[in-house]
Amino acid sequence: MVEFLTIYPGWYPGRTVHIHLMVHVDDAVLTSQLYFPDEVSDQVLARAPYAERPGRDTTNATDEIFPTGGDPAVLDVGPADDGFRAAICLVARPSAVAPSL
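Every residue gets a number counted from 1 within its own chain, in the order that chain's sequence is written. Reporting of local features is limited, given that this is a predicted model, to residues whose pLDDT is at least 70; pairs of side-chain atoms are given and counted only at 80 or more, and all residues count toward the totals for whole chains, interfaces and linings. Excluding hydrogens and water, the side-chain figures rest on all heavy atoms present in the structure.

Q: Could you clarify how one ought to interpret helix H1 (residues 38–45) in this entry?
A: The rule is simple: take the accessible area with a 1.4 Å probe, protein chains only, and divide by the maximum for that residue type; under 20% is buried, over 50% is exposed, in between is partly exposed. Only runs of H or I of at least four residues qualify as helices and only runs of E of at least two qualify as strands under DSSP, and these elements are numbered from the N terminus. Among all positions of H1, only Asp-38, Val-40, Ser-41, Val-44 and Leu-45 are buried. Taken around the axis of H1, the buried residues stretch over an arc of 155 degrees, which confines them to a single face. Buried-residue contacts for H1 involve strand S4 (76–80) and strand S5 (83–87). Arc, as used here, means the arc of the directions from the helix axis to the C-beta atoms. It only takes one pair of heavy atoms within 4.5 Å for two residues to be counted as in contact.

Q: I'm lost on the layout of surface pockets in this one. Help?
A: Remark: the empty space left among the atoms is shown by a probe the size of a water molecule rolled over them. A cavity, in this analysis, means grid points on a 1 Å lattice covering only the protein atoms where a 1.4 Å probe fits yet has no way out; a pocket is instead an open set bounded by protein on both sides within 12 Å along at least five of seven lines, and a residue lines either one if it has an atom within 4 Å of a point. Grid points are joined across faces, edges and corners, and a volume is the space filled by probe spheres set on the points. Computed from the structure, the largest pocket encloses a volume of approximately 1,200 Å³. Along the walls of the largest pocket sit 34 residues, with Phe-4, Thr-6, Arg-85, Ala-86 and Ala-87 positioned nearest its centre. Elements with a minimum of two residues in the lining of the largest pocket: strand S1 (18–25), strand S2 (28–35), S4 and S5. Broken down by element, the lining of the largest pocket gets its largest block of residues, five residues, from S5. In terms of residue class, the lining of the largest pocket is built from 27 nonpolar, two polar and five charged. When residues are sorted by character, Ala, Val, Leu, Ile, Met, Phe, Trp, Tyr, Cys and Pro go into the nonpolar class, Asp, Glu, Lys and Arg into the charged class, and all the rest, Gly among them, into the polar class.

Q: Quick question: what am I supposed to make of the sheet that holds strand S3 (residues 73–74) here?
A: Within a sheet, adjacent strands bond to each other through the backbone by hydrogen bonds, running parallel or antiparallel. Spatial strand order, S1-S2-S3: three strands in an open sheet with mixed pairing. What marks the edges here is a single partner per strand, and that holds for S1 and S3. In this scheme, strands are said to pair when DSSP sees at least two bridges between them. Bridge count for S1 against S2 is eight bridges, and the pairing is antiparallel. Among the inter-strand pairings, Met-22 is bridged to a residue of S2, identified as Thr-31.

Q: In this structure, what is going on with the pattern of salt bridges? I would like to understand it.
A: A side chain with one charge may pair with a side chain of the opposite charge, provided their charged atoms come close. Each reported salt bridge corresponds to a side-chain nitrogen of Lys or Arg within 4 Å of a carboxyl oxygen of Asp or Glu. According to the stated counting rule, one finds three salt bridges in the structure shown. Asp-38 is paired through a salt bridge with Arg-56; the nearest N and O atoms lie 3.2 Å apart. One end of the pair, Asp-38, is in helix H1; the other, Arg-56, is in the loop between H1 and S3, and 18 residues separate them in sequence. Taking the shortest distance from any N to any O, the salt bridge between Asp-42 and Arg-56 comes out at 2.8 Å. With Asp-42 in helix H1 and Arg-56 in the loop between H1 and S3, this pair connects stretches of sequence that are 14 residues apart. Connected via shared salt-bridge partners are Asp-38, Asp-42 and Arg-56.

Q: I tried to follow the side chain of Asn-60 on my own but got confused; where do I start?
A: Note on placement: Asn-60 falls in the loop between H1 and S3. Between N or O atoms, a polar contact is any pair within 3.5 Å; within protein, one atom must be a potential hydrogen donor and the other a potential acceptor, and residues adjacent in sequence are included only when both atoms are from side chains. Here Phe-36 takes part through its backbone oxygen, which lies 3.0 Å from a polar atom of the side chain of Asn-60. Among residues more than four places away in sequence, those in contact with Asn-60 are Thr-16, Tyr-35, Phe-36, Pro-37, Asp-38 and Phe-66.

And the structure:
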């Protein structure tokens, strides 16, 4: 289990809002991405300071990487105090993870 506090991630051209993650299991490393529901991203990106940037050009539906590699890991996001709390349960099986170099 891991918990961390961060700002809502931004985006860059051609990619939807996401966070990269690496999970170390024994001598293997799983690298993946966590995605945010578009409805939540729309709410956040309409607020300062995000609203000062041009609108994003890619949503989950139009991101070319989002649908690859099985079911995308979309976070369960809900309100918490003056921000949001996100959660997800991921299962990492060492037999399904490539050995690290």
